[in-house]
Amino acid sequence: MKHKKVLITGKGSYIGTNFKSWLDQWPDSYEVDELSVRGDEWKKKSFSKYDVVLHVAGIAHVSTSSDLESLYYRVNRDLAIEVAQKAKSENVPQFIFMSSMIIYGADSRIGESYCIDANTVPNPVDFYGRSKLDADLYIQRLSVEGFQTVIVRTPMVYGPNCKGNFPKLKKIAALSPIFPNIENQRSVIYIHNLCEFLRLTIDKELNGVYFPQNEELVSTKEIIRLMAKNMNRKVYFIRWFNPILKILSNTIPFVNKVFGSKIYHKSILPNFKYCVTDFETSIKNSCN
């Protein structure tokens, strides 16, 4: 296999840092650099020696304050496009952009399903989702022979020391003796499974839009159960709150973020094996 030179744009990011560590297992196969793209200094860096640019820089979904809207577009859309254009102009063969499942809009209400397939039209509900979708679609259009673009529309990424909703669930599992007994289905991906997917994407010199996820679809209840188990705690799952939560799910998006459903249909998943860790083991690893 050809020795690959990889540039990760977005130094210090959760995915980028873990991916660099993952590729360090094969020092003879990959040479990896990280580049901060804050400010303008990065523009002086030549991309011409790299086989792959993996763009992971971006602002996560931390706030919907309208004050931040222009910043989201500047970082999640404009910066991503600028990095991709530079990679193309400097003859980098492959550009990988970390998009997001968020482009498909809100989670379903409690008791409903939301299964995304090849015919599902992206429908972001806020400027975080729109900024990611704008970059996603623009970068796809840059693809030509000699410049392959890979769009990775990840569901929730979790793992040891991750940020976002996963640590919030961990806190609930650690503190609460009870949790609503609600059945839902979610696509998620463990960081090592995502890293292996990205490695194979590079090895196979792929292009196109991809929807990686764990082999198992999971419920929020199962995540809490396994977290509590690994903390040697017992959580009781009760239905008392279900009617109230079902009413709240009609008006409060956060309720659906926790108890709603949102999955990728198996027909659009990558057709090669990249899941190196099963769900139960991944939760154990993430809780230690």
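Residues numbered from 1 in each chain as written. Predicted model: local features only at pLDDT ≥ 70, side-chain atom pairs only at ≥ 80, totals over all residues. Heavy atoms only, no water.

Q: Can you tell me about the packing of aromatic side chains, naming the residues and giving the values?
A: Taken as a whole and assessed by the stated rule, the structure comprises 16 aromatic pairs. When the ring of Phe179 is compared with that of Phe259, the centres are 5.5 Å apart and the planes differ by 40°; the resulting orientation is tilted. Note that Phe179 is positioned in strand β8 (residues 178–180) and Phe259 in helix α8 (residues 253–259), a separation of 80 residues in sequence. Classification of Phe259 by relative accessible area gives buried; the value is 10%. Seen from their ring centres, Phe211 and Tyr264 are 5.0 Å apart, and the 70° between their planes marks the pair as edge-to-face. Of the two residues, Phe211 sits in the loop between β10 (208–210) and α6 (220–230) while Tyr264 sits in strand β12 (residues 263–264), which places them 53 residues apart along the sequence. For Phe211, a relative accessible area of 10% corresponds to the buried category. We classify Tyr264 as buried; its relative accessible area is 2%. (Phe/Tyr/Trp six-rings, centres within 6.5 Å; stacked < 30°, edge-to-face > 60°. Helix = DSSP H or I, 4+ residues; strand = E, 2+ residues; numbered from the N terminus. Buried < 20%, exposed > 50% of the residue type's maximum accessible area, 1.4 Å probe, protein only.)

Q: Account for the side chain of Thr9, with residues named and values stated.
A: Note that Thr9 resides in strand β1 (residues 4–9). Taking relative accessible area as the criterion, Thr9 reaches 0% and is therefore assigned buried. Once residues lying within four places of it in the same chain are set aside, the contact partners of Thr9 are Leu35, Val37, Phe47, Val53, Leu54, His55, Val56, Ala57 and Val83. (Contact = heavy atoms within 4.5 Å.)

Remember that the coordinates give geometry; whether it matters functionally is a separate question.
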